[in-house]
Amino acid sequence: AQSVTQLDSQVPVFEEAPVELRCNYSSSVSVYLFWYVQYPNQGLQLLLKYLSGSTLVKGINGFEAEFNKSQTSFHLRKPSVHISDTAEYFCAVTNTNAGKSTFGDGTTLTVKP
Amino acid sequence: DTGVSQNPRHKITKRGQNVTFRCDPISEHNRLYWYRQTLGQGPEFLTYFQNEAQLEKSRLLSDRFSAERPKGSFSTLEIQRTEQGDSAMYLCASSLTTGGKAETQYFGPGTRLLVL
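Presented here is a report on the structure given in the accompanying data block. (Residues numbered from 1 in each chain as written. Chains lettered and ligands numbered in written order. Predicted model: local features only at pLDDT ≥ 70, side-chain atom pairs only at ≥ 80, totals over all residues. Heavy atoms only, no water.)

Take the overall build of chain B next. Secondary structure summary: chain B contains zero helices and eleven strands in total. Here the C-alpha atoms of chain B give a radius of gyration of 14 Å, agreeing with the 13 Å that 2.2 N^0.38 yields for 116 residues. For chain B, the C-alpha atoms occupy an extent of roughly 45 × 25 × 25 Å along the three principal directions. Each of the 116 residues in chain B was classed as buried or not, and the buried ones make up 47%. Taking as baseline every contact in chain B between residues at least 6 positions apart, the subset at least 24 positions apart corresponds to 53%. (Helix = DSSP H or I, 4+ residues; strand = E, 2+ residues; numbered from the N terminus. Rg over C-alpha atoms; globule rule 2.2 N^0.38 Å. Buried < 20%, exposed > 50% of the residue type's maximum accessible area, 1.4 Å probe, protein only. Contact = heavy atoms within 4.5 Å.)

A complete count under the given rule lists 14 aromatic pairs over all chains for this structure. Measuring from ring centre to ring centre gives 6.1 Å for Phe34(A) and Tyr36(A), while their planes differ by 25°; the resulting arrangement is stacked. We note that Phe34(A), like Tyr36(A), is buried. A connected cluster of aromatic rings, assembled from ring pairs, spans Phe34(A), Tyr36(A), Phe103(A), Tyr33(B), Tyr35(B), Phe45(B), Tyr48(B) and Phe107(B). Lying across the ring of Phe74(B), Arg22(B) places its NZ or CZ 3.9 Å from the centre. (Phe/Tyr/Trp six-rings, centres within 6.5 Å; stacked < 30°, edge-to-face > 60°. Lys NZ or Arg CZ within 6 Å of the ring centre and 35° of its normal.)

Another aspect to go through is the pattern of salt bridges. Residue and element names in this part refer to chain A. Taken as a whole, this structure holds nine salt bridges over all chains when the rule is applied. Among the ionic pairs, glutamate 66 bridges to arginine 77, the shortest N-O distance being 3.8 Å. Residue glutamate 66 is found in strand β8 (residues 64-68), and its partner arginine 77 is found in strand β9 (residues 73-78); the two are separated by eleven residues along the sequence. Judged by its relative accessible area of 36%, glutamate 66 is partly exposed. The exposure class assigned to arginine 77 is partly exposed, which follows from its relative accessible area of 29%. (Salt bridge = Lys/Arg side-chain N within 4 Å of Asp/Glu carboxyl O.)

Next up, the structure:
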């Protein structure tokens, strides 16, 4: 079994400020890790993923995340946010063999002018 | 590549009616997944197919729910005798999986169901 905990349900931040959205996971087997963004009434768009290799992964829209195996974390960061980054962000883990994903409950990022 | 498409985008129905949703995956993708997302929650896994074979079903998928992928291409999700608790966004995703290893899932825009 696996689980995902997104530690902050809401993160308000001012435009051009840095942001970190936190994600911890639990799994007894090897996993892949993902961050998705969801805009209102839309599906999920992949931001970035960790499958193997370098623990620092870069994604779209200037986001990056660092996989920390010892702390079982995969926090998402952006050095300077824009108003257009306002959305719901989901962290997900996938058993490397099973394919189905387990999602966290999401973090609402609100960027204020 | 047109991405994953889902139809309809919105559905309003009365309690007790049957509804059917369709998902068209990315054309070369062999795996297709269904998830359900309620307000304020992350998506929850319902079921998935590899080609036409349904490999796993969640306990969330009661006997009122059935999914098919008859030719290994598009899939349908049917809910019989809908209940108000079925109101949710139903998301479809697809992936290209080789050698039994999971790969990135690409999501469609979802079908939002409202049961009155």
